[in-house]
Amino acid sequence: MNSSEVRDLLEETLKKELTCVNNPLAVLIVAGSKYVLGWNGSPTCIVNGECINRDKPFPGIEALCHPVHAEIRAIAEAARIGLSLQNSAIYMSGWFPCAACAEAIVHAGIKKLVTPNKIYIEKNVLIPEFLGSELYRFEIAEKILVQGGVKIITDPDIRPRIS
């Protein structure tokens, strides 16, 4: 699958499925000739078609909302349909996996992670947006992925044209 096909699938998912307005994220996992999609959000955060946290500032939202992360939703969908993710690739519409999702990625057998975001200022120094996040623990996530044998690739061409 080429970068524009990946981008188009991520865009379509963001348009159709996304229910988390605070952290819009879609992922695509490609396993051989098959794929699954995931997105942030959960029906438990939606009342009458609206996110219950739409007007809430991001800090503290985790106490109000328990969304399913896009990576977990895609891995669960693969399990539901019996798709092995051994040696597969995960493409992200943005950001970087949190520590818990990084663990799930490694345990699912995914071996390549592609993100449109630059994750380093320089070798082994994460960009400021990823440093010190207590909620997502990006520094730990990156270590988990590397130690788990997941190759991390930056490809800005997969970034959806919408957010």
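This text follows the structure it describes.
All values reported here derive from a predicted model rather than from experimental measurement. (Residues numbered from 1 in each chain as written. Predicted model: local features only at pLDDT ≥ 70, side-chain atom pairs only at ≥ 80, totals over all residues. Heavy atoms only, no water.)

Draft legend 1. Quick look at the overall build of the chain. A count of helices and strands for the chain gives 4 helices and 9 strands. Its helices and strands in sequence order give the chain the pattern α-β-β-β-β-α-β-α-β-β-β-α-β, from N to C terminus. Within the chain, the proportion of its 163 residues that are buried is 45%. Sequence separation of 24 or more characterises 64% of the internal contacts of the chain that already satisfy a separation of 6 or more. (Helix = DSSP H or I, 4+ residues; strand = E, 2+ residues; numbered from the N terminus. Buried < 20%, exposed > 50% of the residue type's maximum accessible area, 1.4 Å probe, protein only. Contact = heavy atoms within 4.5 Å.)

Draft legend 2. Quick peek at the packing of helix α3 (residues 99-108) against helix α4 (residues 138-147). Contact pair α3 / α4: the axes reach a minimum separation of 8 Å and the direction vectors enclose 10°. Overall, the two elements α3 and α4 adopt an arrangement that is roughly parallel. Here α3 contributes Ala99, Ala102, Glu103, Ile105 and Val106 to the contact with α4, which in turn contributes Ile140, Ala141, Ile144 and Leu145. A class-by-class count of the residues in the contact of α3 with α4 yields 8 nonpolar, no polar and 1 charged. (Axes fitted to C-alpha atoms, helices over the stretch in contact; angles between N-to-C directions. Parallel < 35°, antiparallel > 145°, perpendicular 65-115°, else oblique. Nonpolar A, V, L, I, M, F, W, Y, C, P; charged D, E, K, R; others polar.)

Draft legend 3. Layout of the environment of Glu5. Checked against the element boundaries, Glu5 lands in helix α1 (residues 3-16). Sequence separation between Glu5 and Ile158 is 153 residues; the distance between their C-alpha atoms is 8.3 Å.

Draft legend 4. Region of interest: unusual backbone geometry. Its identity as a non-glycine residue notwithstanding, Asn87 has a phi of 65°, on the positive side. Residue placement: Asn87 occurs in the loop between α2 (70-81) and β5 (89-92).

Draft legend 5. Up close: the nonpolar core. If you look at the biggest cluster of nonpolar residues, it comprises 27 residues, and the most contacted ones within it are Ile29, Ile75, Leu85, Ile105, Ile110 and Leu113. Every element with two or more residues in this core is listed here: β1 (26-31), α2, β5, α3 and α4. Element by element, the count of residues in this core is highest for α3, at 5 residues. Apart from residues no more than four positions distant in its own chain, Ile105 is found in contact with Glu71, Ile75, Ile90, Pro97, Ile110, Leu113, Leu145 and Val150. Among the nonpolar cores identified, the runner-up in size contains 11 residues, and Leu10, Ala89, Tyr91 and Ile158 belong to it. (Core = buried A, V, L, I, M, F, W, Y, C linked by side-chain atoms within 4.5 Å.)

Draft legend 6. Representation of α2 in the model. Between the first and last C-alpha of α2 there are 17 Å, a value that for 12 residues agrees with the 16 Å anticipated at 1.5 Å per step. All buried positions along α2 are accounted for by Ala70, Glu71, Arg73, Ala74, Ile75 and Ala78. Lining the buried residues of α2 we find β1, β2 (34-39), β5 and α3. Backbone geometry just after α2 places Gly82 at a positive phi near 75°. (Expected span 1.5 Å × (residues − 1).)

Draft legend 7. Region of the structure containing the pairing of strand β6 (residues 112-115). Looking at chain direction, β5 and β6 are connected through 3 bridges and run parallel. Considered in β6, the bridge of Ala89 is made with Lys112. With respect to chirality, the unit in which β5 leads through α3 into the neighbouring parallel β6 is right-handed. Both β6 and strand β9 (residues 151-154) contribute to a ladder of 4 bridges, which runs parallel. In the sheet register, Lys112 faces β9, and the bridge partner there is Lys151. (Pairing = 2+ DSSP bridges. Right-handed = clockwise from strand over helix to strand, strands pointing away.)

Draft legend 8. Looking closely at the environment of Asp8. Structurally, Asp8 is set in helix α1. Residue Asp8 is classed as partly exposed on the basis of its relative accessible area of 37%. When the C-alpha atoms of Asp8 and Ile158 are compared, they prove to be 8.2 Å apart, with 150 residues separating the residues in sequence. Polar side-chain contacts of Asp8 include one of 3.2 Å to the side chain of Arg161. (Polar contact = N/O pair within 3.5 Å; in protein donor to acceptor, adjacent residues only side chain to side chain.)

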